[in-house]
Amino acid sequence: MGGVMSYGALATKIRAMKSYLLKEKDFRNLAQMENVSQAISYLKQIPSYRIVLEGQDESKLQQRELERLVVGTLYYDFSKLYRFCDKRQKKLLECYFRKFEISVIKRALRRIFNHGDRTGESRELRSFFQKLSNIHMEELSQAETIPDLLTALRDTSYKKILSGLDNGNELTLFDYEMALDLYYFSEIWKQKDKILRGADLEMMNRTFGSQIDLLNLTWLCRAKKYYQLPLTSIYSLVIPVVYRLRHEEIRAMATAADEKELREILARTYYGRHFGELTEGELEKLYRGFLGQVYGEERRKNPYSLAVVTAYLHDKEEEIDKLTTVLEGVRYGLEPRETLAYIKA
């Protein structure tokens, strides 16, 4: 009864929002468009995308701006859910919000390192962020150097994280992005135990624990296959959290002599036993498919819990990834079948 009382209105809201998610037929229709302008016109007929695309000139909308607007639908949905949450639920969503902050910081970092588009976030999205964030969005959008970026982050924990990277060596974009990812997963794993109880805590343990395990496995496979890193560097890039993996398994994979030995160790882990032989490519497929399955199971098992919120946000993020891929296919004139093959799990 407590779950129904706490999550009844929120679950009803999410059911309504879920009905506006893109269906398979929408992706098929979009993949068949002759150009991106036609695809934008199609998206304008869908309520969840009309809110950000209405008033935009299809023929003049640049690809980067289109992608930012598409991602903006996730922020709008998040703000709708946030308004329906009680004080305890909002605390968890505020931790989850760090993911959005980090994505904005990463875009600013890429502009700095790659000297690319400097338009930053739209004013509407900046306004949305300022309601929950201490990042100085206007300054971040204009940052041209790392010191500029750190100044824009002066009232946040991100400044300390990124400032602490200076070890005398030249830092790369990868170094900054990895530091932000490590911080996000470590922080949300720590905060969940302070905020959640019962079914909500079990759900977060399973969903985020599985996600962290699979990210660590994927990174260890990539490190052994593509990079020749000292052991201390490998450990520094592993999220310091374990769920179904064991610390000794991570140590064994990090110290494996070669990719073959790593795969033998991987086969003996929980994920290797349950999913068979796992190469780097198979791990990436498993990451998407297994997480979708876990979120779906949690939502069905606990329909009046935080699982309905996190599962919806996961579904929305997956939709945006697929939509971005389909729009890229249309942009480059790929055959619809070829484009759709890229979004199959």
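Residues numbered from 1 in each chain as written. Predicted model: local features only at pLDDT ≥ 70, side-chain atom pairs only at ≥ 80, totals over all residues. Heavy atoms only, no water.

A.B. asks: Report on the overall build of the protein chain, specifying residues and quantitative values.
C.D. replies: The secondary structure content of the protein chain amounts to 20 helices and zero strands. In terms of overall dimensions, the protein chain is globule-like: its C-alpha atoms have a radius of gyration of 21 Å, near the 20 Å expected for 345 residues. The principal-axis extents of the C-alpha atoms in the protein chain amount to approximately 55 × 55 × 45 Å. Within the protein chain, buried positions represent 50% of all 345 residues. (Helix = DSSP H or I, 4+ residues; strand = E, 2+ residues; numbered from the N terminus. Rg over C-alpha atoms; globule rule 2.2 N^0.38 Å. Buried < 20%, exposed > 50% of the residue type's maximum accessible area, 1.4 Å probe, protein only.)

A.B. asks: For helix 7 (residues 98–114), give the residues involved together with the corresponding values.
C.D. replies: Over its 17 residues, helix 7 runs 24 Å from end to end, which matches the ideal 24 Å to within 8%, given 1.5 Å per residue. The element helix 7 is extensively covered by neighbouring structure, given that twelve of its 17 residues are classed as buried. Of the positions making up helix 7, those classed as buried are Arg98, Phe100, Glu101, Ile102, Val104, Ile105, Lys106, Arg107, Ala108, Leu109, Arg111 and Ile112. (Expected span 1.5 Å × (residues − 1).)

A.B. asks: Give a detailed account of the packing of helix 13 (residues 198–226) against helix 15 (residues 247–254), specifying residues and quantitative values.
C.D. replies: Contact geometry for helix 13 and helix 15: axes closest at 10 Å, N-to-C directions at 15°. The orientation of helix 13 relative to helix 15 falls into the category roughly parallel. For the element pair helix 13 and helix 15, the recorded crossing hand is right-handed. Side by side, helix 13 and helix 15 meet where Asn216, Leu217, Leu220 and Lys224 of the first sit next to Ile250, Met253 and Ala254 of the second. Looking at the contact of helix 13 with helix 15 residue by residue, the classes come out as five nonpolar, one polar and one charged. (Axes fitted to C-alpha atoms, helices over the stretch in contact; angles between N-to-C directions. Parallel < 35°, antiparallel > 145°, perpendicular 65-115°, else oblique. Left-handed = near helix turned anticlockwise from the far one by under 90°. Contact = heavy atoms within 4.5 Å. Nonpolar A, V, L, I, M, F, W, Y, C, P; charged D, E, K, R; others polar.)

A.B. asks: Explain the side chain of Ser141 residue by residue, including any values.
C.D. replies: Residue placement: Ser141 occurs in helix 9 (residues 137–142). Within the structure, the side chain of Ser141 is placed 2.7 Å from the backbone oxygen of Glu138, a separation counted as a polar contact. (Polar contact = N/O pair within 3.5 Å; in protein donor to acceptor, adjacent residues only side chain to side chain.)

A.B. asks: Account for the side chain of Lys192, naming residues and giving values.
C.D. replies: Tracing the backbone shows Lys192 in helix 12 (residues 173–195). Judged by relative accessible area, Lys192 falls into the buried class, the value being 2%. Among all residues touching Lys192, those that are not within four sequence positions of it are Leu201, Met204 and Asn205.

A.B. asks: So what's going on with the pattern of salt bridges? Which residues, and what values?
C.D. replies: The full count for this structure, using the stated rule, is 21 salt bridges. Between Glu58 and Lys44 there is a salt bridge whose closest N-O contact spans 3.4 Å. Separated by 14 residues along the polypeptide, Glu58 in the loop between helix 4 (47–53) and helix 5 (63–84) and Lys44 in the loop between helix 3 (36–43) and helix 4 bring together distant segments of the chain. Close ionic contact of Arg331 with Glu328 constitutes a salt bridge, the shortest N to O distance being 3.4 Å. (Salt bridge = Lys/Arg side-chain N within 4 Å of Asp/Glu carboxyl O.)

A.B. asks: Please provide a residue-by-residue account of a nonpolar patch on the surface, values included.
C.D. replies: A contiguous nonpolar patch, built from Tyr226, Tyr227 and Leu229 and spanning about 300 Å² of accessible area, is present on the exposed surface. Residue position: Tyr227 is located in the loop between helix 13 and helix 14 (231–236). (Patch = residues over 30% accessible without salt bridge, like charges linked within 9 Å, V, L, I, M, F, W, Y side chains within 5 Å. Areas by Shrake-Rupley, 256 points an atom, 1.4 Å probe, with all protein chains shown as cover.)

A.B. asks: For helix 19 (residues 307–331), give the residues involved together with the corresponding values.
C.D. replies: Helix length check: helix 19 (25 residues) gives 36 Å between terminal C-alpha atoms against 36 Å at 1.5 Å per residue, within 8%. Most of helix 19 is tucked away, with 18 of its 25 residues classed as buried. Directly beyond the C-terminal end of helix 19, a positive phi value near 70° is found at Gly333.

A.B. asks: Explain the packing of aromatic side chains to me, using residue names and the numbers behind them.
C.D. replies: By the definition in use, this model includes 14 aromatic pairs. A centroid spacing of 5.1 Å and a plane angle of 55° characterise the contact between Tyr75 and Phe100, whose relative ring orientation is tilted. With Tyr75 in helix 5 and Phe100 in helix 7, this pair connects stretches of sequence that are 25 residues apart. By relative accessible area, which is 1% here, Tyr75 ends up buried. (Phe/Tyr/Trp six-rings, centres within 6.5 Å; stacked < 30°, edge-to-face > 60°.)

A.B. asks: Mind laying out the packing of helix 5 against helix 6 (residues 87–96), listing which residues take part and the relevant values?
C.D. replies: The N-to-C vectors of helix 5 and helix 6 enclose an angle of 155°; their axes lie 9 Å apart at closest approach. One finds that helix 5 runs roughly antiparallel with respect to helix 6. Remark: the crossing between helix 5 and helix 6 carries left-handed chirality. Within the contact between the two elements, helix 5 uses Phe78, Tyr82 and Phe84 and helix 6 uses Gln89, Lys90, Leu93, Glu94 and Tyr96. Residues of the contact of helix 5 with helix 6, tallied by class, amount to five nonpolar, one polar and two charged.

A.B. asks: So what's going on with the environment of Tyr76? Residues and values would help.
C.D. replies: Position of Tyr76 among the secondary structure elements: in helix 5. Owing to a relative accessible area of 19%, Tyr76 belongs among the buried residues under this scheme. Considered as a pair, Tyr76 and Ser48 are 28 residues apart in the sequence and their alpha carbons are 8.8 Å apart.

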